[in-house]
Amino acid sequence: MAKKQTPEDKNYKVIAENRRARYDYAIEDDIECGIVLSGSEVKSLRVGQSNIAESYASIDDGELFLTNSYIAPYQQAMFPHEERAKRKLLVSKRELARLAQATGRQGMTLVPLVMYFNHKGRVKIKLGIAKGKKNHDKRATEAKRDWGRQQQRLLRRGE
């Protein structure tokens, strides 16, 4: 979950969140990545028109890419960008090796969780290193969430 905005984090703003990822996947670890964008893409993100729900990250030729993420075209741009382009993610060599090992050997998936502007105003993506849940795991998660809501209702009533 994204951290709350504090007075010193004036520029922090969540652009897009993949809420379904925590339902469909068991998130083992997460990592913060930079992303290579053009000017019209950043302006479109500042307006808040993007979606990372159907996207995923993969390693191709020793580089990390975000595939199938949607950034709406910016209307005033002189040089428009492609909406669903493959975008390069920026991580260190050590982190890239760790991600390659997790996806290759352990059968994990790289799922984008949140896209946001950090406190410096740069676009960042939080990737989750995840393993897919089975249907019975999803039902157990749902039952646990419902029981938590039921407990909160009972505590509010004072019963």
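A. Highlighting the environment of D146. Structurally, the position occupied by D146 is in helix α4 (residues 135-157). A relative accessible area of 39% places D146 in the partly exposed class. Along the chain, D146 and C33 lie 113 residues apart, while their C-alpha atoms are 33 Å from each other.

B. Structural detail: the pairing of strand β7 (residues 87-90). Burial along β7 is one-sided: the face carrying R87 and L89 is buried and the face carrying K88 and L90 is not. Pairing between strand β2 (residues 25-35) and β7: two bridges, direction antiparallel. The residue of β7 that forms the bridge with I35 is L89. Pairing between strand β5 (residues 63-67) and β7: three bridges, direction antiparallel. Along β7, the bridge assignment pairs L64 with L89.

C. Inspection of the packing of aromatic side chains at higher detail. Throughout the structure, instances matching the rule amount to one aromatic pair. For the ring pair Y12 and Y116, a centre distance of 5.4 Å and an interplane angle of 45° mean the geometry is tilted. You can see Y12 sitting in the segment before β1 (13-17) and its partner Y116 sitting in strand β8 (residues 109-117), a full 104 residues away along the chain. Lying over the aromatic face of F117, R46 brings its terminal NZ or CZ to 4.1 Å of the ring centre. For K86, the ring lying beneath its charged end belongs to F65, and the centroid distance is 5.3 Å.

D. The arrangement of helix α3 (residues 93-104) in detail. Over its 12 residues, α3 runs 16 Å from end to end, which matches the ideal 16 Å to within 8%, given 1.5 Å per residue. By the burial criterion, the buried members of α3 are L96, L99 and A102. End-on, the buried residues of α3 take up no more than an arc of 125°, which puts them together on one face. Summarising the geometry of α3, the exposed residues directed more than 90 degrees from the buried face are K93, R94 and G104.

E. Inspection of the pairing of strand β9 (residues 123-132) at higher detail. Across the 10 residues that make up β9, a large majority, seven, are buried. Across nine bridges, the pairing between β2 and β9 is antiparallel. The residue of β9 that forms the bridge with C33 is I125. Where β8 meets β9, eight bridges bridge the pair, whose relative direction is antiparallel. Paired with M115 across the bridge in β9 is I125. Between the end of β8 and the start of β9, which pair antiparallel, lie five residues, with G121 showing a positive phi angle near 90°.

About the thresholds
- Residues numbered from 1 in each chain as written.
- Predicted model: local features only at pLDDT ≥ 70, side-chain atom pairs only at ≥ 80, totals over all residues.
- Heavy atoms only, no water.
- Helix = DSSP H or I, 4+ residues; strand = E, 2+ residues; numbered from the N terminus.
- Buried < 20%, exposed > 50% of the residue type's maximum accessible area, 1.4 Å probe, protein only.
- Pairing = 2+ DSSP bridges.
- Phe/Tyr/Trp six-rings, centres within 6.5 Å; stacked < 30°, edge-to-face > 60°.
- Lys NZ or Arg CZ within 6 Å of the ring centre and 35° of its normal.
- Expected span 1.5 Å × (residues − 1).
- Arc of directions from axis to C-beta.

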